[in-house]
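# Per-entry structural report
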Amino acid sequence: MAVFTRGFGGRAREQDDRLPPGQFLTEDFPVLSAGPTPRIDTDEWEFQIRTETGETHRWDWAAMQALQQDDITRDIHCVTRWTKLGTSWQGVSLDTLFAEVESGYDFVMAHAYGGYTTNVPLDDLLDGKAWIATGFDGEPLAAEHGGPARLLIPHLYFWKSAKWIRGLVMQQDDEPGFWEQNGYHAYGDPWLEQRYS
Amino acid sequence: MRRTGHVDVWKAATVVAATQLTPSGRSLILDAPGWGGNLAGQHADVRLTAPDGYQAVRSYSIASADAGDRIEIAVDRVPDGEVSPFLVDAIEVGDQVEVRGPLGGWFVWRPEDTEPVLLIGGGSGIVPLMAMVRAHEAAGSTSPFRLVYSVRSPQDAFFADELAAATGVEVTWIYTRRAPDGWARPAGRLVATDLQALEVTGGEAPSVFVCGPTGFVEAVADTLVAIGHDPARIKTERFGGS
């Protein structure tokens, strides 16, 4: 049973069935990262997917731009409890990128410029659930939000949507990434409040 | 030593002291039986429950790093906020909240760490850095500690008296809007020359912790990288909107 806090009334209640438990709405776009913002030129940017055989699929900026670009509108949920509704992105579906990748492994480790990592089951990247996003609100994605390109997995807490994405490595087992080794949940479903390990 | 266990358990906590730090900031000391201590730099989730069952949870950095069941948080009022105005203006000694934690295993300083440390705080971003200063002093650590604290004016500083008396840390004040009379550095934002002027170490690269509002942290971290700090040795914690 919860302890009541004398005198606390809360604000006008945010009744919105798009808001997962424990989240509040924000209109800004907060920035959270563990270190300085890497500044990566699109000339030097490259994205890779590496499989268990060592086969590496590579896309440079031009190759990524040449692929089918999706417009994506989704709600996003940060583990620090803000939710931003109806955010609008542009990017390439991971279905498009994985169309030419053969792997028997079920898990992925996402690697970012700057050294950040986060683990995701492969199933959570496919079937229209995830993208490599290069645009936000019709503009190139700003560096502090992960530009030139970030992973976008809107149905998981937003730390899974690795900024400054540089590659995905197929993994046999679900090994923890950066925040997952630092006290946060291995999977991170906002609707189940999977915040902490 | 990683104290991140049992974080799914909410613990009742009682406000045992409340001190106004600045016109907009207040320190609360919470007694949370079973807390059992935290590392310097960790944070706690604080949950408030209204009489009708409505709950609001926010994360606050912890200013203390003691082994016991007491936690100090220092809250700055967010205009139009839901929780911070209540904690700054309304809650009283004897009132109860719930806490969960300690949380976070990255933005932390451990007494066994021996490398030189540079702490850079903006506004209420001082809170987790204060925990590090206190832990460093309590442990009698000899690792060089330098704190750069950026505030608008002298009356906006949290923990000013304690920092003035602290041993084992060299404090550099940056006033962005109004400096004290006779202060050599004119009021203005923290810039590269401020950071270049710091002789943090005898040559060894320091571990750097930067905490503050997003714009402050972005600017400081970019500047540190530009003047040659290794990005891998810079840890950041940002709060507020972009």
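Residues numbered from 1 in each chain as written. Chains lettered and ligands numbered in written order. Predicted model: local features only at pLDDT ≥ 70, side-chain atom pairs only at ≥ 80, totals over all residues. Heavy atoms only, no water.

### Structural notes on the overall build of chain B
The cut-off we apply is this: Strands are runs of DSSP state E lasting at least two residues, helices are runs of H or I lasting at least four, and both sets are numbered from the N terminus onward. Categorising residues by exposure relies on relative accessible area from a 1.4 Å probe, with only protein chains included: less than 20% of the type maximum marks a residue as buried, more than 50% marks it as exposed, and the intermediate range marks it as partly exposed. The contact criterion used is simple: two residues touch if any of their non-hydrogen atoms lie within 4.5 Å. Under the convention used here, a 1.4 Å probe and the Shrake-Rupley method define accessible areas, while residue burial counts only the protein chains that appear. Only four residue types enter the tally: Lys and Arg on the positive side, Asp and Glu on the negative side, with His and both chain ends excluded. By convention, the charge on Lys lies at NZ, on Arg at CZ, on Asp at CG and on Glu at CD.
Looking only at helices and strands, one finds 5 helices and 11 strands in chain B. Counting over 242 residues, chain B shows a buried share of 55%. Counting contacts in chain B only where the partners sit at least 6 residues apart, residues at least 24 apart contribute 70% of the total. In the form shown here, chain B has an accessible surface area of approximately 9,800 Å², with 51% of it arising from carbon and sulfur atoms. A distance of 2 Å separates the average location of the 20 positive side-chain charges in chain B from that of its 30 negative side-chain charges.

### Side note on the interface of chain A and chain B
Note the threshold: A quick way to say it: buried area is the sum, across both parts, of accessible area lost when two parts are put together, with a 1.4 Å probe. Put simply, a salt bridge is a Lys or Arg side-chain nitrogen that is within 4 Å of an Asp or Glu carboxyl oxygen. Here a polar contact is recorded for every N or O atom pair within 3.5 Å, except that within protein the pair must consist of a potential hydrogen donor and a potential acceptor, and residues adjacent in sequence are included only if both atoms are side-chain atoms.
In this complex, chain A contributes 36 residues to the contact, which on the side of chain B involves 47 residues. In total, chain A and chain B occlude about 3,300 Å² of area from one another, counting both sides; carbon and sulfur atoms represent 51% of this. Contact with chain B buries area across many residues of chain A, yet Phe8(A), Pro36(A) and Tyr196(A) alone supply 21% of it, more than any other trio. Between the two partners, chain A and chain B, sit 5 salt bridges. The interface formed by chain A and chain B includes 15 residue pairs in polar contact (both at pLDDT 80 or more).

### Topic: the confidence of the model for chain B
All names here are of chain B. Note the threshold: Summary of the metric used: pLDDT quantifies the predictor's per-residue confidence within the range 0 to 100.
On average, residues of chain B score 92 in pLDDT, and 93% of them reach the 70 mark or higher. Taken together, the stretch residues 1–5 has pLDDT below 50 and engages in 16 contacts with residues farther than four places along the chain or on a different chain. Complex prediction metrics read pTM 0.92 and ipTM 0.87.

### Side note on the pattern of salt bridges
Under the defined criterion, the tally for this structure stands at 21 salt bridges over all chains. Its salt-bridge partner being Arg81(A), residue Glu193(A) comes within 3.9 Å of it at the nearest N-O pair. You can see Glu193(A) sitting in the segment after β11 (165–171) and its partner Arg81(A) sitting in the loop between β4 (70–77) and β5 (82–93), a full 112 residues away along the chain. Asp156(B) is the salt-bridge partner of Arg152(B), the closest N and O atoms lying 3.8 Å from each other.

### Considering the environment of Lys129(A)
Residues and elements named next belong to chain A. Topologically, Lys129 is positioned in the loop between β7 (117–121) and β8 (131–136). Distance in space between the C-alpha atoms of Lys129 and Arg150 is 14 Å, their sequence separation being 21 residues. Excluding anything up to four places from it in sequence, Lys129 contacts Asp123, Asp124, Leu152, Ile153, Pro154 and His155. One polar contact links the side chain of Lys129 to the main-chain carbonyl oxygen of Asp123, over a distance of 3.0 Å.

### Let's talk about the sheet that holds strand β3 (residues 56–60) of chain A
All names here are of chain A. Applicable threshold: Strand pairing is assigned whenever DSSP identifies at least 2 bridges connecting the two strands. The axes are straight lines fitted to the C-alpha atoms, using for helices just the contacting stretch, and the angles between their N-to-C directions are given from 0 to 180°.
A sheet is described by the order of its strands in space; here 5 strands give the open sequence β3-β2-β11-β6-β7, paired in mixed fashion. The open sheet has two edge strands, β3 and β7, and neither has a second partner. Averaged over all adjacent pairs, the angle separating strand axes in this sheet is 15°, with direction ignored. Sheet analysis places strand β6 (residues 107–112) next to β7, joined by 5 bridges and oriented antiparallel. Bridged to Val108 within β7 is Val120.

### A few points about the side chain of Ser207(B)
Residue and element names in this part refer to chain B. Within the secondary structure layout, Ser207 lies in strand β10 (residues 207–213). Of the polar contacts made by the side chain of Ser207, one reaches the side chain of Glu115; its length is 3.2 Å. Residues within four places of Ser207 in sequence aside, it is in contact with Glu115, Pro116, Val117, Leu118 and Arg233.

### Remarks on helix α2 (residues 126–138) of chain B
Residues and elements named next belong to chain B. As a reminder, the rule being used: A helix is expected to reach a length of 1.5 Å times the quantity of its residues less one.
In this model α2 runs 18 Å from its N-terminal to its C-terminal C-alpha over 13 residues, within 8% of the 18 Å that 1.5 Å per residue would give. For α2, a buried count of 10 out of 13 residues is recorded, marking the element as mostly surrounded by other parts of the structure. If you check which residues of α2 are buried, you get Ile126, Val127, Pro128, Leu129, Met130, Ala131, Met132, Val133, Ala135 and His136. Remark: Gly140 follows α2 within two positions and exhibits a positive phi of approximately 65°.

### What about the pairing of β5(A)?
Residue and element names in this part refer to chain A. Counting buried positions over the 12 residues of β5 gives 9, a clear majority of the element. The pairing of strand β1 (residues 24–25) with β5 spans 2 bridges and is classified as parallel. Each bridged residue has a counterpart across the sheet, and for Leu25 the counterpart in β5 is Thr83. Direction of pairing for β4 relative to β5: antiparallel, over a ladder of 7 bridges.

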